[in-house]
Amino acid sequence: MLLVVITLWLLLVGLAAWLCLQRVRVHAAWLVVLLFLIAGRVVLARMVPFYGQEYEDAYEYVYSGIFFLESPRAANSGLNPICLKGNLENCSVVGDLSHPIGAGGLYSLLLWMTGSVPGSRIFATGLLSSLGLFALLAAWPHERQGIACASLVLVSATPLVGLYSITGFAEVAGAAVLASFILAWCLCWEKDRSLGTVPLMLLTVSSALLPLVKRELMLVPALAAVFALATLRRRPRKKTAVIATHLAAGALLALLVSRGAIFDLAVVRSSKHALLSMATLIQLVPMFVKQAVTSMLFIPFGVLLLSAVIVGWRWSATRPATMIATALLLLGLSFSQSYYFALNGGPPTIHFERYSYILWPLVAAILAYAGSRVAVFNRLQYRRLARPVLIGLLVAYVIACATSTAVIATERHRDEVAVRFAPVVQAVRLVPADGWVLTLDPILVALVDPETQVIDLPSLATNFSNKMFEDFVATHDLWLLLPQHGLSVEEARYKSDFALVSQYSWEAVKGQMSGGLYRVLQVAPRDGNSSTKRRGRETPPLN
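The structure displayed is predicted, hence computed values, not measured ones. (Residues numbered from 1 in each chain as written. Predicted model: local features only at pLDDT ≥ 70, side-chain atom pairs only at ≥ 80, totals over all residues. Heavy atoms only, no water.)

1. Focus: the overall build of the chain
Okay, step 1: Each helix and strand counted, the chain has 24 helices and seven strands in total.
Okay, step 2: Burial statistics for the chain: of 543 residues in total, 54% are counted as buried.
Okay, step 3: Summarising the internal contacts of the chain: among those between residues at least 6 apart in sequence, 76% fall at separations of at least 24.
Okay, step 4: Entry remark: accessible area of the chain is about 23,600 Å², with carbon and sulfur atoms responsible for 62%. (Helix = DSSP H or I, 4+ residues; strand = E, 2+ residues; numbered from the N terminus. Buried < 20%, exposed > 50% of the residue type's maximum accessible area, 1.4 Å probe, protein only. Contact = heavy atoms within 4.5 Å. Areas by Shrake-Rupley, 256 points an atom, 1.4 Å probe, with all protein chains shown as cover.)

As structure tokens, then:
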């Protein structure tokens, strides 16, 4: 199954690249600006190893890629794996996370090709950036590719896109697949072109990868199919039937590869609240609009996003893409993201940023098509003067955005290290090499040290009975890694798991960083005589 996902990724890159080479005919100045953007992201990824700093999702895909390489049998379902007992190399109990394996499969391929996490992140940044940019560029006729290029640069240079292109989020891969889907759709749907084998293959592959990368993206081929049926009277029936068949083939392929997991929305329900609701949508729309027009990451992307949706509805040619963009946005804003959503009154700010990022191919496509229709671009009296002036302004805009992106990425990287990684590094250093760590954050522990043996606390009661856990505590060196903040929410959520833990007395380990965000505890024997092999060691604070 993992092999099928990797094959799909290779096919996607190959087909999109071949079509781009066949169709892109752009002035050298535009290509220089686009290549500058791609190179800038690669350099930024090398200088700032920013993962995303968002609970679990930011780290899950990198973790899954490493896990797939270390243990190919971990790909036993259509969802990302998690080691519930053991380490990534020798895991005795494998569980499932709630996200499909599309992005994790890509990451395992890139890790295999580069041999390192930093190298694969840099390679992924360049690959996905170039695939997305040039696939969209190739979708427009040659005479209008200058305007298409300007629109792509305008959207792609924003700090939001620059920052998220270097993270481990699935939205980076999703945006690239979405761009390839738009390319295939445009080529297959043109009135004056016959259906080509390569565009149809690309349509099938991208339709399969969209839900495998991110569930919400299954809406894109679904809406495209609805649009095809709605326009059946105005289009040749044979052509519409062929396109619909390839969309259906992609959906069937995704269903088979994921074993139905991507269509089982119950696996992502983590609370009693509805996964999708109108109440959530009403609550989040004003929050999104405010964030889009005030955040430095969104400006001017937020204005572009809203403007593109408004402009896109004006012409029938841009209406299908606008429908998809609007539907994706509304879907994201009606989605109750986590168990903590209701408790906190809403999702974190990063939720808005991520869902806006995945829309950038649609925004760029709508702007490019709408821009070619705006009369002012065709009626400039002094075209020879206007073109260099516009290019100069665009280059200045790219430089300003690149500077802002570097500053924001550096700040977020510093915060991520301080809040997420440094405390875990310090805590893991207190555990001996053959010790076992019982934790709420097995993914972070594994990223810090893949050889550390972990037990996932939320699945403790599922894998251990009282007697089994008692025997394990008596025969293993066990350490408890917990955050310093109150655990009332976690204890209420994982009652049976914490009940097993609370049967034992735990004592703090010496050598912990003052003010650290994690506590390292070791089980204290009930009779005062240690029956475990306790080999705790003091470690100096992390520099």
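What follows continues from the structure just given.
2. Notes on the nonpolar core
Okay, step 1: Within the largest apolar cluster, 158 residues are counted, with the highest numbers of intra-cluster contacts made by Trp9, Tyr63, Trp185 and Trp360.
Okay, step 2: For this core, the element with the highest residue contribution is helix H8 (residues 170-189), accounting for 16 residues.
Okay, step 3: Once you skip the residues sitting within four places of it in the chain, Trp9 turns out to touch Gly102, Leu106, Leu128, Ala173, Val177, Leu209 and Val213.
Okay, step 4: Judged by nonpolar contacts, the second largest core, of 21 residues, contains Ile455, Leu480, Leu482 and Phe498. (Core = buried A, V, L, I, M, F, W, Y, C linked by side-chain atoms within 4.5 Å.)

3. Digging into the side chain of Ser206
Okay, step 1: Among the secondary structure elements, Ser206 is positioned in helix H9 (residues 197-213).
Okay, step 2: Within polar-contact distance, the side chain of Ser206 engages the backbone oxygen of Leu202 at 2.7 Å.
Okay, step 3: Excluding residues within four positions of it along the chain, Ser206 makes contact with Leu12, Val177 and Phe181. (Polar contact = N/O pair within 3.5 Å; in protein donor to acceptor, adjacent residues only side chain to side chain.)

4. Some thoughts on the state of the cysteines
Okay, step 1: Throughout the structure, instances matching the rule amount to one disulfide.
Okay, step 2: The disulfide that involves Cys83 links it to Cys91, with 2.3 Å between the sulfurs. Here Cys83 and Cys91 share a disulfide; its torsion about the S-S bond, 110 degrees, makes the bridge right-handed.
Okay, step 3: Not engaged in a disulfide, the cysteine Cys188 finds its nearest cysteine sulfur in Cys186; these two sulfurs lie 9.5 Å apart. (Disulfide = S-S within 2.5 Å.)

5. Digging into H8
Okay, step 1: Here H8 spans 28 Å end to end across 20 residues, near enough to the 28 Å set by a 1.5 Å rise per residue.
Okay, step 2: With 19 of 20 residues buried, H8 lies mostly within the body of the structure. (Expected span 1.5 Å × (residues − 1).)

6. Topic: the pattern of salt bridges
Okay, step 1: Per the counting criterion, the structure on display carries five salt bridges.
Okay, step 2: For Lys214, the salt bridge is made with Glu171, and the minimal N-O distance between the two is 2.9 Å. Taken as a pair, Lys214 in the loop between H9 and helix H10 (219-230) and Glu171 in helix H8 lie far apart in primary sequence, 43 residues in all.
Okay, step 3: Each of Asp57, Glu171, Lys214 and Arg354 takes part in salt bridges that share partners, so that together they form one network. (Salt bridge = Lys/Arg side-chain N within 4 Å of Asp/Glu carboxyl O.)

7. Considering empty space enclosed by the protein
Okay, step 1: Throughout the structure, instances matching the rule amount to eight cavities of 30 Å³ or more.
Okay, step 2: Within the residue set of the lining of the largest cavity, elements represented by two or more residues are helix H4 (102-114), helix H5 (117-138) and H8.
Okay, step 3: In terms of residue class, the lining of the largest cavity is made up of 12 nonpolar, four polar and one charged. (1 Å grid on protein atoms, 1.4 Å probe; cavity = no way out; pocket = protein on both sides within 12 Å on 5 of 7 lines; lining within 4 Å. Points joined across faces, edges and corners; volume = space filled by probe spheres on them. Nonpolar A, V, L, I, M, F, W, Y, C, P; charged D, E, K, R; others polar.)

8. Focus: the side chain of Ser258
Okay, step 1: Within the secondary structure, Ser258 is located in helix H11 (residues 237-258).
Okay, step 2: For Ser258, a relative accessible area of 1% gives the class buried.
Okay, step 3: Apart from residues no more than four positions distant in its own chain, Ser258 is found in contact with Gly78 and Leu212.

9. What to know about a nonpolar patch on the surface
Okay, step 1: Judged by side-chain polarity, Val285, Val289, Val293, Val303 and Leu306 come together as a nonpolar surface patch covering roughly 330 Å² of accessible area.
Okay, step 2: Elements represented by at least two residues in the nonpolar patch include exactly helix H12 (278-294) and helix H13 (301-312).
Okay, step 3: With three residues, H12 is the single largest residue contributor to the nonpolar patch.
Okay, step 4: Structurally, Val289 is set in helix H12. (Patch = residues over 30% accessible without salt bridge, like charges linked within 9 Å, V, L, I, M, F, W, Y side chains within 5 Å.)

10. Description of the packing of helix H1 (residues 2-23) against H9
Okay, step 1: At a minimum axis distance of 9 Å, the contact between H1 and H9 shows a crossing angle of 135 degrees. By the angle between their directions, the pair H1 and H9 is classed as oblique. When the axes of H1 and H9 are compared, the crossing they make is left-handed. Mapping the contact onto sequence places Leu8, Trp9, Leu11, Leu12, Leu15, Ala16, Trp18 and Leu19 in H1 and Val198, Pro199, Met201, Leu202, Val205, Ser206, Ala208, Leu209, Leu212 and Val213 in H9.
Okay, step 2: Of the residues assigned to the contact of H1 with H9, the class counts are 17 nonpolar, one polar and no charged. (Axes fitted to C-alpha atoms, helices over the stretch in contact; angles between N-to-C directions. Parallel < 35°, antiparallel > 145°, perpendicular 65-115°, else oblique. Left-handed = near helix turned anticlockwise from the far one by under 90°.)

11. Some points on the pairing of strand E2 (residues 91-100)
Okay, step 1: Here strand E1 (residues 79-86) pairs with E2 via six bridges, running antiparallel. Bridge assignment links Leu79 to a residue of E2, and that residue is Pro100.
Okay, step 2: Connecting E1 to the antiparallel partner E2 that follows it, the hairpin turn spans four residues. (Pairing = 2+ DSSP bridges.)

12. Description of the confidence of the model for the chain
Okay, step 1: Residues with a pLDDT of 70 or more make up 84% of the chain, whose mean pLDDT is 80.
Okay, step 2: Element-level mean pLDDT values for the chain span from 55 in helix H18 (residues 375-378) up to 94 in H9.
Okay, step 3: Every residue in residues 525-543 scores below 50 in pLDDT, and together they form 39 contacts with partners more than four places removed in sequence or on other chains. (pLDDT = per-residue confidence, 0-100.)

13. Things to note about the packing of aromatic side chains
Okay, step 1: For the structure on display, the rule yields 12 aromatic pairs.
Okay, step 2: With centroids separated by 5.3 Å and ring planes inclined at 85 degrees, the aromatic side chains of Trp436 and Phe472 adopt a geometry described as edge-to-face. Here Trp436 is found in strand E3 (residues 436-439), whereas its partner Phe472 is found in helix H22 (residues 466-475), with 36 residues between them in sequence.
Okay, step 3: A relative accessible area of 5% places Phe472 in the buried class.
Okay, step 4: Ring pairs connect the aromatic residues Trp436, Phe464, Phe469, Phe472 and Tyr504, which therefore count as one cluster.
Okay, step 5: A cation over a ring is seen here: Arg121 above Tyr51, with NZ or CZ 5.5 Å from the ring centre. (Phe/Tyr/Trp six-rings, centres within 6.5 Å; stacked < 30°, edge-to-face > 60°. Lys NZ or Arg CZ within 6 Å of the ring centre and 35° of its normal.)

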